[in-house]
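Each chain, written out:
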Amino acid sequence: QPDHEQARRLKLAALLMQQHPGAAAYEQEVLGQLNGRRTAVLGHTLADRYAGRFAEAAERLEQYVRDAPADDEAKRALLETYGLWAARTPRPANQVPLERMLALDPEHPGALRDLGWIYWSRGDRTRGLELLDRAIGHGVNNRDEVIAQVYTALAESGDTAEATERLKKWAP
């Protein structure tokens, strides 16, 4: 059951998504309430994400988080937005939201993993391995598969000694 603020956020998002003529008036009403700016920003975020406008949603949230750095829910929404943006953007163009995700959460395992592979594919194996190593150390999803992928990539590049050394380091 959503609380009143969540209900206002959802209503604003729905009105914006429908391009309802009353959306602007409702947003002004929301802005006049307690936590109105927060509610409006998160409502716009929902509408933007639904429409696939992840960069716009991120920009709005980044500004809000700069102004309200203690708002953990807004930070979570920003991380989710970066994740959605990165997931729906092909490599290597998804580097922008992944870098921003790491700026907000420097130990985010998924962002570390994906950026590691981006750097690797661009020929910066040292940076790629550093990020992949951090991802594995922070419990990336499918950890064993990531270890196997890194081991295989190293072995296929002719660096079997490095592959073996890393496998020993990461072995459970």
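Below, the structure is looked at part by part. (Residues numbered from 1 in each chain as written. Predicted model: local features only at pLDDT ≥ 70, side-chain atom pairs only at ≥ 80, totals over all residues. Heavy atoms only, no water.)

1. Here's the deal with the packing of helix α4 (residues 54-67) against helix α5 (residues 72-87)
Let me state the cut-off plainly: Each axis is a line fitted through C-alpha atoms, and for a helix only the stretch in contact is used; angles between axes span 0 to 180 degrees, taken between their N-to-C directions. Working definition: helices are DSSP H or I runs of at least four residues, strands are E runs of at least two. Numbering for both runs from the N terminus. Orientation is classified from the angle alone, with under 35 degrees giving roughly parallel, over 145 giving roughly antiparallel, 65 to 115 giving roughly perpendicular, and any other angle giving oblique. Note on convention: near helix rotated counterclockwise from far helix by under a right angle means a left-handed crossing. Clockwise means right-handed. In what follows, a contact means two residues having at least one pair of non-hydrogen atoms within 4.5 Å. All amino acids are sorted into three groups, where Ala, Val, Leu, Ile, Met, Phe, Trp, Tyr, Cys and Pro are nonpolar, Asp, Glu, Lys and Arg are charged, and the leftover types, Gly among them, are polar.
Here α4 crosses α5 at 155°, and the two axes come no closer than 9 Å. Between α4 and α5, the interaxial angle falls into the category roughly antiparallel. The handedness of the crossing between α4 and α5 comes out as left-handed. The residues of α5 that touch α4, namely those facing Phe54, Ala55, Ala57, Ala58, Leu61, Glu62, Tyr64 and Val65, are Ala74, Lys75, Ala77, Leu78, Thr81, Tyr82, Leu84 and Trp85. Taken together, the residues of the contact of α4 with α5 sort by class into 13 nonpolar, one polar and two charged.

2. Re the packing of helix α7 (residues 109-121) against helix α8 (residues 125-137)
Packing of α7 against α8 brings their axes to within 7 Å, and their N-to-C directions diverge by 160°. By the angle between their directions, the pair α7 and α8 is classed as roughly antiparallel. Remark: the crossing between α7 and α8 carries left-handed chirality. Contacts between α7 and α8 involve Pro109, Leu112, Arg113, Leu115, Gly116, Trp117, Tyr119 and Trp120 on the former and, on the latter, Arg125, Arg127, Gly128, Leu129, Leu131, Leu132, Arg134 and Ala135. Residue composition of the contact of α7 with α8, by class: 10 nonpolar, two polar and four charged.

3. Observations regarding helix α1 (residues 4-17)
To keep it simple, the criterion reads: The span you would expect from a helix comes to 1.5 Å times its residue count less one. Think of it in three bands: with a 1.4 Å probe and only protein chains considered, a residue is buried below 20% of the maximum accessible area for its type, exposed above 50%, and partly exposed in between. An arc is given here, and it is the one of the directions from the helix axis to the C-beta atoms. Counted as a polar contact is a pair of N or O atoms within 3.5 Å, where, for protein atoms, one must be capable of donating a hydrogen and the other of accepting one, and residues adjacent in sequence contribute only when both atoms are in side chains.
With 14 residues, α1 ought to run about 20 Å at 1.5 Å a step, and its terminal C-alpha atoms sit 20 Å apart, in line with that. Within α1, burial applies to Glu5, Arg8, Arg9, Leu12, Ala13 and Leu15. For α1, the angular spread of the buried residues around the axis is 165°, confining them to a single face. Contacts made by the buried residues of α1 are with α2 (23-31), α3 (36-50) and α5. A side-chain oxygen of the first residue of α1 lies 3.1 Å from the backbone nitrogen of Glu5; this N-cap is Asp3. Of the residues one or two after α1, Gln19 is the one with positive phi, at around 50°.

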